[in-house]
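# Coordinate inspection notes
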Amino acid sequence: MKSGTGAVQFFLSFITIGMLPRALGVEMYGNYGFITTFFNSVIKFLKFGVPTAYYVIISKRPEEKTIIGFYMYYLIMIISLVAFLVASVYMAGLEEVVWPNQANIFIYAGAALSICYLLSEFLRSTSDSFGLTFSYEKIVIAQSIITVGVIVLLYVTDFLTLKSLYLASISILIFVILFGGYFLHKNNINIFMHMRLTKIQLVGYFKEFYQFSSPLIIKGLIVVFAMLFDIWLIQYYYGSVEQGYYTLALKISTIVMLLISPISVLLLREMSQKYEKKSVKEIRKMYKKYSYLFCFIAAYFSIFISSNAEFIGMVIGGEEFKDALMIIMLMALYPVHNVYGLIVSNILLVRGRTDFLRNVALITLIPGVAISFFLIAPVESHGFGLGAMGLAI
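As a starting point, this report considers the structure included with it.

Check the secondary structure of the protein and you find 17 helices and zero strands. Against the globule reference of 21 Å for 393 residues, the protein gives a C-alpha radius of gyration of 21 Å, in line with a compact fold. Taking the principal axes of the C-alpha coordinates as reference, the protein spans close to 55 × 40 × 40 Å. Looking at the protein as a whole, 50% of its 393 residues are labelled buried. Contacts spanning at least 24 positions in sequence make up 82% of the contacts within the protein whose residues lie at least 6 apart. Here the protein has roughly 18800 Å² of accessible surface; of this, 68% comes from carbon and sulfur atoms.

What follows is about the packing of aromatic side chains. Here the structure, examined in full by the defined rule, presents 24 aromatic pairs. Ring centres 4.3 Å apart and planes at 10° place the aromatic pair Tyr54 and Tyr71 in the stacked group. Taken together, the residues span a long stretch of sequence, with Tyr54 in helix α3 (residues 50-60) and Tyr71 in helix α4 (residues 66-91) at a distance of 17 residues. Pairwise contacts between aromatic rings join Phe34, Phe38, Phe39, Tyr90, Trp99 and Tyr108 into one cluster.

Okay, the pattern of salt bridges next. Opposite charge on two side chains permits pairing when their charged atoms draw close. In total, this model carries four salt bridges according to the counting rule given. Of the charged contacts, one joins Glu121 and Lys47 as a salt bridge, the two residues approaching to 3.1 Å between their closest N and O atoms. Of this pair, Glu121 sits in helix α6 (residues 104-129) while Lys47 sits in helix α2 (residues 19-47), and the two are 74 residues apart along the sequence. Given a relative accessible area of 41%, Glu121 falls into the partly exposed group. A salt bridge links Lys322 to Glu319, with the shortest nitrogen-to-oxygen separation between them at 3.7 Å. In this structure Glu319 comes out as exposed when scored by relative accessible area, which is 52%.

So, about α6. Compared with the 38 Å implied by 1.5 Å per residue over 26 residues, the 38 Å span of α6 between its first and last C-alpha is a close match. With its phi angle positive at about 70°, Gly131 sits one or two positions after the end of α6.

Before going further, it helps to examine the packing of α6 against helix α8 (residues 162-186). In the contact formed by α6 and α8, the axes pass within 9 Å of each other and the chain directions differ by 25°. In terms of their interaxial angle, α6 and α8 are classed as roughly parallel. In this structure, α6 meets α8 at a crossing whose hand is left-handed.

Before going further, it helps to spend a moment on the side chain of Ser120. As for its position among the elements, Ser120 is in helix α6. Residue class for Ser120 comes out buried when judged on its relative accessible area of 11%. Within the local environment of Ser120, its side chain forms a polar contact with the backbone oxygen of Tyr117, the two atoms lying 2.9 Å apart. In this view, Ser120 contacts Tyr136, Leu173 and Ile177; residues no more than four positions away in its chain are not counted.

With respect to the element layout, Ile189 can be found in the loop between α8 and α9 (199-237). As a C-alpha pair, Ile189 and Ser127 span 62 residues in sequence and 9.1 Å in three-dimensional space. For Ile189, the contacting residues outside a window of four places in its chain are Lys65, Ile68, Thr126, Phe130, Leu132 and Leu184.

Turning our eyes to something else, we now look at a nonpolar patch on the surface. A cluster of nonpolar side chains, Ile146, Phe175, Phe179 and Tyr182, forms an exposed patch at the surface whose accessible area comes to about 400 Å². No other element matches α8, which puts three residues into the nonpolar patch. Looking at the element boundaries, Phe175 is found in helix α8. Judged by its relative accessible area of 46%, Phe175 is partly exposed.

In this structure, Phe39, Ile68, Phe122 and Phe209 are the most contacted members of the largest nonpolar core, which totals 103 residues. Those residues in contact with Phe209 that sit more than four places away from it in its chain are Val50, Ala53, Tyr54, Ile57, Ile67 and Phe70.

Attention shifts here to the packing of α2 against α4. At a closest axis distance of 10 Å, the pairing of α2 and α4 adopts a crossing angle of 135°. For the element pair α2 / α4, the angle class is oblique. The way α2 lies across α4 gives a crossing that is right-handed. Contacts between α2 and α4 involve Phe39, Val42, Ile43, Leu46 and Lys47 from the former and Tyr74, Ile78, Leu81, Val82, Leu85 and Val86 from the latter. Residue classes in the contact of α2 with α4 are distributed as ten nonpolar, no polar and one charged.

As a further point, take the environment of Gly33. One can find Gly33 in helix α2. Considered as a pair, Gly33 and Tyr245 are 212 residues apart in the sequence and their alpha carbons are 9.7 Å apart.

Its identity as a non-glycine residue notwithstanding, Asp158 has a phi of 60°, on the positive side. Its place among the elements puts Asp158 in the loop between α7 (133-156) and α8. On the basis of relative accessibility, which here comes to 72%, the residue Asp158 falls in the exposed class. Here Asn188, not a glycine, exhibits a phi torsion of approximately 65°, which is positive. Assessed through its relative accessible area of 62%, Asn188 is described here as exposed.

About the criteria used
Residues numbered from 1 in each chain as written. Predicted model: local features only at pLDDT ≥ 70, side-chain atom pairs only at ≥ 80, totals over all residues. Heavy atoms only, no water. Helix = DSSP H or I, 4+ residues; strand = E, 2+ residues; numbered from the N terminus. Rg over C-alpha atoms; globule rule 2.2 N^0.38 Å. Buried < 20%, exposed > 50% of the residue type's maximum accessible area, 1.4 Å probe, protein only. Contact = heavy atoms within 4.5 Å. Areas by Shrake-Rupley, 256 points an atom, 1.4 Å probe, with all protein chains shown as cover. Phe/Tyr/Trp six-rings, centres within 6.5 Å; stacked < 30°, edge-to-face > 60°. Salt bridge = Lys/Arg side-chain N within 4 Å of Asp/Glu carboxyl O. Expected span 1.5 Å × (residues − 1). Axes fitted to C-alpha atoms, helices over the stretch in contact; angles between N-to-C directions. Parallel < 35°, antiparallel > 145°, perpendicular 65-115°, else oblique. Left-handed = near helix turned anticlockwise from the far one by under 90°. Polar contact = N/O pair within 3.5 Å; in protein donor to acceptor, adjacent residues only side chain to side chain. Patch = residues over 30% accessible without salt bridge, like charges linked within 9 Å, V, L, I, M, F, W, Y side chains within 5 Å. Core = buried A, V, L, I, M, F, W, Y, C linked by side-chain atoms within 4.5 Å. Nonpolar A, V, L, I, M, F, W, Y, C, P; charged D, E, K, R; others polar.

Next comes the structure, spelled out in structure tokens:
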């Protein structure tokens, strides 16, 4: 069912992918990309790899539903920290430094949307871990269809603006969260009831999650800092137009991952269960089978998009995005690298080798930040002045 969901989202994405950049324009589309990426990156950092630990642990011990309660407390902490961050930036008067040239309403909307995504991901991963994937994916497919329908309706009626886009996205996600919670309740998974934990349980889960996730804290800090630094450099030096070029290129490259990412989540669950049973040979077979398949799929679509970047870019973005063609060509190749790293990371996570992931991040991402600066920054700031193209490289 995961593959079916990925296929549906893959094809539905072609319906709306050209509507947003054309309706919003390159500048507002860039603002949307900047704010959304900013808050998604902040939440990704605050996760500290805990969602992965949650999925792996609950997949191994689905009968121990108090794990859900512990993770719920962690989600509440993340939401509180995001709210505190936004409030602190405004109280310190640093909003123009952190979010250059962004309207307040869009900053609040971006924060709210990222929180809604966080909660919807929690419900989806919980259903996956209990083997309810087939039924829950119907909700995800319905969400995708409704989202596309609303965007098309707004587009044809000339009401598709950044405000209406945020409002529609948040409203649909709230519906999904409420319905997803009801779905779990109907399957005897009451997420609020399992929040009643003893002190011993809290301490025990904290130690278990910390042991799994502690190496990922440093990795997460570096990854998120690198992501935020990259998009902030573009916004600070070049503004929303250049940000719009990069957002479109990233969106197009992400389409390829829609076919693969949902299946990789199920692979992580299957590998976790097999590792718990000491079935290392089975894990090796799964790795060989799916790594070749996923890499072939990613390579096929990436090369096709890269080879036809000019045509695809003009069809999707229109004349306003004509300067984004080279960026699209480069970013189209990103999934080939990303998909292989995704599979290898799954194996390392199953084996609990989060320390290895941390070390890889330290070795590659720290020099990467410096390289990004020189490639992105303008000549007067001692860079090469490549802008979004430098980030794509």
